Amino acid sequence: MRIHFNGAARTVTGSQYLLEANSARILIECGLFQGRRAETYERNRSFRFDPTELDAVLLSHAHIDHSGNLPNLVKQGYGGPIHATPATANLAEIMLRDSGHIQEADAVFVNKRRHERGQPPVEPLYTEADAVEVPPLFQVHPYDQPFEVAADVTAEFIDAGHILGSAAIRLEVRERGRTTRLWFSGDIGRRDLPILRDPVLPSEADYVMMECTYGDKPHRDPAEAHREFHQAVLRTVKRGGKVIIPAFAVGRTQELVYSLHLMTAAGTLPRLPVYVDSPLAVNATKIFEKHPECYDEQTLQFIKLGKHPALAFDGLTYIKTVEESKALNERKEPMVIISASGMAEAGRVLHHLKNNIDDPRNTVLIVGWQAPNTLGRRLADREKVVRIYGEEYPVKADIATIGGLSAHAGQDLLTEYARAANGRAKGIILVHGEEDAAGALREKLSDAGVRRVVYPDLFTTIDL
Ligand code: ZN
């Protein structure tokens, strides 16, 4: 069997691996490559294989860097099954539509500039209508139940504890009388994340192909980050201000809502209005509520004791219309507003920032990694003046950054993950990580006695 590393090799974006076994061709992940616009368009559009010749697609979780190029794959003729867990299929459906919408808006923006330069317009990579063609191809499988992917190839989804529905994929390939077991990690979550169960460590694998996004960073305890979150909200309430949180609509938003719910239920936070203002977050929350089979024991207990859903409580409102969103500007009392996008590049959070950033009573809470050149990064870097919708605003609100809320395993757990398999595994294949991260993890693994670690180049092939 052979693996072609077509994406997320020596980088973290655009996950895509083609597995060839016997005569079957199986695509593992079909992520969107994200980077500079000129490079990404061509890279995402052109597959290095014929999509009509694939037998199956396996999807570990719904994040766009793992699923976001599926509409393009289907547009180019793929009509076979896309295997995923039930929650992943539901989340991917709304995320891909949202992504199609973004692709269309992006093409409008690019074409405006091209028109000014006298250049012909470009097509969007795919549209919302293209994204709608993907969900009918989903074939869903619960965790821990092996299923046939192709002749002599079976797969099984194992809980990865990263986002709702996320899975590692355990593959068994029988070829010429020999069975090879490949464990693909997907994105590895963390222990003690709110709502989700802990990631399952690999066992019984000949090869482990694993992510190493934070191979160079030990993480802090998530409980510590949630304590800081609590303190920041309390401080702001005391000042009579609003807390504005740019947050990713899927995962981070639900984690923050659940955390606020815990604080309210425990009586450690005064009763105050909390608003979730992002259409995608509202839809994602509905999907979270549909899949309690993905919750950890603690969350299930909390629901049972309080007899209420995890992501709803008195004082929490999910905003639906633009009018409701705008009406929040008129309100002066302390409140928490969680709104997308996560790096404050687009979406309704921009309005909330524009209206609240010049008041020293307010807090802007930065809760995730911010890419360079985004508004979120400028705020995190404590710039004194920022541009929003082309206008300059003085930053007078308190800016608080909370690290440690990552949904990815840190160096310690990655090391443990590789060690768990190493007793019997013939090799560890590092993917989905920058060179610094992979290098640091490799050293750590070597110290821990884990040998036979490879870190393949993009567009190379490994025979197993
Ligand atoms: Zn992910």
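Residues numbered from 1 in each chain as written. Predicted model: local features only at pLDDT ≥ 70, side-chain atom pairs only at ≥ 80, totals over all residues. Heavy atoms only, no water.

Draft legend 1. A look at the overall build of the protein. Helix and strand counts for the protein come out as 14 helices and 22 strands. For 464 residues, the compact-globule estimate of 2.2 N^0.38 gives 23 Å, and the C-alpha radius of gyration of the protein, at 22 Å, lies within 12% of that figure. Projecting the C-alpha coordinates of the protein onto the three principal axes gives extents of approximately 70 × 60 × 40 Å. Within the span of the protein, comprising 464 residues, buried residues form 57% of the whole. Sequence-distant contacts, at least 24 apart, represent 74% of the contacts inside the protein between residues at least 6 apart. Here the protein displays about 19800 Å² of accessible surface, and carbon together with sulfur accounts for 50% of that area. When the 55 basic and 62 acidic side-chain charges of the protein are each reduced to a single mean position, those positions are 4 Å apart. (Helix = DSSP H or I, 4+ residues; strand = E, 2+ residues; numbered from the N terminus. Rg over C-alpha atoms; globule rule 2.2 N^0.38 Å. Buried < 20%, exposed > 50% of the residue type's maximum accessible area, 1.4 Å probe, protein only. Contact = heavy atoms within 4.5 Å. Areas by Shrake-Rupley, 256 points an atom, 1.4 Å probe, with all protein chains shown as cover. Lys, Arg positive; Asp, Glu negative; His and termini not counted. Charge placed at Lys NZ, Arg CZ, Asp CG, Glu CD.)

Draft legend 2. Quick look at the packing of aromatic side chains. Overall, the coordinates contain five aromatic pairs when judged by the stated rule. Here F47 and F49 contribute two aromatic rings whose centre-to-centre distance is 5.4 Å and whose plane-to-plane angle is 40 degrees, an arrangement assigned as tilted. Judged on exposure class, the residue F47 and its partner F49 are both buried. On the numbers, 5.4 Å between centres and 40 degrees between planes, the contact of F147 with F157 is tilted. (Phe/Tyr/Trp six-rings, centres within 6.5 Å; stacked < 30°, edge-to-face > 60°.)

Draft legend 3. The coordination of the zinc ion, seen in detail. Coordination of the zinc ion by the protein comes from H61 (NE2), H63 (ND1), H162 (NE2) and D187 (OD), over a distance range of 2.2 to 2.3 Å. Taken together, the four donor atoms coordinating the zinc ion and their angles of 92 to 167 degrees define a geometry best described as irregular. Binding-site remark: the zinc ion is held by donors from one chain whose sequence spacing is H-x1-H-x98-H-x24-D. One end of the pair, H63, is in the loop between β4 (56–58) and α2 (64–67); the other, D187, is in the loop between β10 (178–184) and β11 (207–211), and 124 residues separate them in sequence. Exposure remark for D187: the relative accessible area of 2% places this residue in the buried category. (Donors = N, O, S within 2.8 Å, 3.2 Å for Na, K, Ca; no water. Tetrahedral: all angles 85-135°; square planar, octahedral: opposite > 155°, others 65-115°.)

Draft legend 4. Molecular detail of the pairing of strand β15 (residues 335–339). Burial runs high along β15: five of the five residues are buried. A two-sided burial pattern is seen for β15, the buried positions comprising M335, I337 and S339 on one face and V336 and I338 on the other. Where strand β12 (residues 242–246) lies against β15, five bridges are found, and the strand directions are parallel. When the bridges of β15 are listed, P246 appears paired with S339. Where strand β13 (residues 274–277) lies against β15, four bridges are found, and the strand directions are parallel. Considered in β15, the bridge of D277 is made with S339. (Pairing = 2+ DSSP bridges.)

Draft legend 5. Spotlight on the nonpolar core. Core analysis: the largest hydrophobic core is formed by 109 residues, its most contacted members being L73, L91, I245 and L260. Not counting residues up to four positions away in its chain, the partners in contact with L91 are A62, I163, L164, V250, A284 and I287. Core analysis: the second largest hydrophobic core is formed by 23 residues, A421, I428, A438 and V453 among them. (Core = buried A, V, L, I, M, F, W, Y, C linked by side-chain atoms within 4.5 Å.)

Draft legend 6. Here's a closer look at the sheet that holds β15. Spatially, the six strands line up as an open sheet ordered β14-β13-β15-β12-β16-β19, and their pairing is parallel. Every interior strand has two partners, whereas the edge strands, β14 (316–318) and β19 (398–401), have only one. Here the average twist between neighbouring strands, direction ignored, is 20 degrees. In terms of strand pairing, strand β16 (residues 363–366) meets β19 through four bridges, oriented parallel. In the sheet register, T363 faces β19, and the bridge partner there is D398. (Axes fitted to C-alpha atoms, helices over the stretch in contact; angles between N-to-C directions.)

Draft legend 7. Looking closely at the pairing of strand β17 (residues 385–388). Covered by surrounding structure in β17 are V386 and I388 only, the residues V385 and R387 on the alternate face being uncovered. Bridge analysis of β17 against strand β18 (residues 391–394) gives four bridges, and the strand direction is antiparallel. Within β18, the position partnered with R387 by the bridge is E392. Counting the residues in the hairpin turn of β17 and β18 gives two residues, including Y389, whose phi is positive at 50 degrees.

Draft legend 8. Here's a closer look at the environment of D106. Inspection of the secondary structure assignment puts D106 in helix α4 (residues 86–116). D106 sits in the partly exposed class, given a relative accessible area of 28%. When the C-alpha atoms of D106 and E39 are compared, they prove to be 14 Å apart, with 67 residues separating the residues in sequence.

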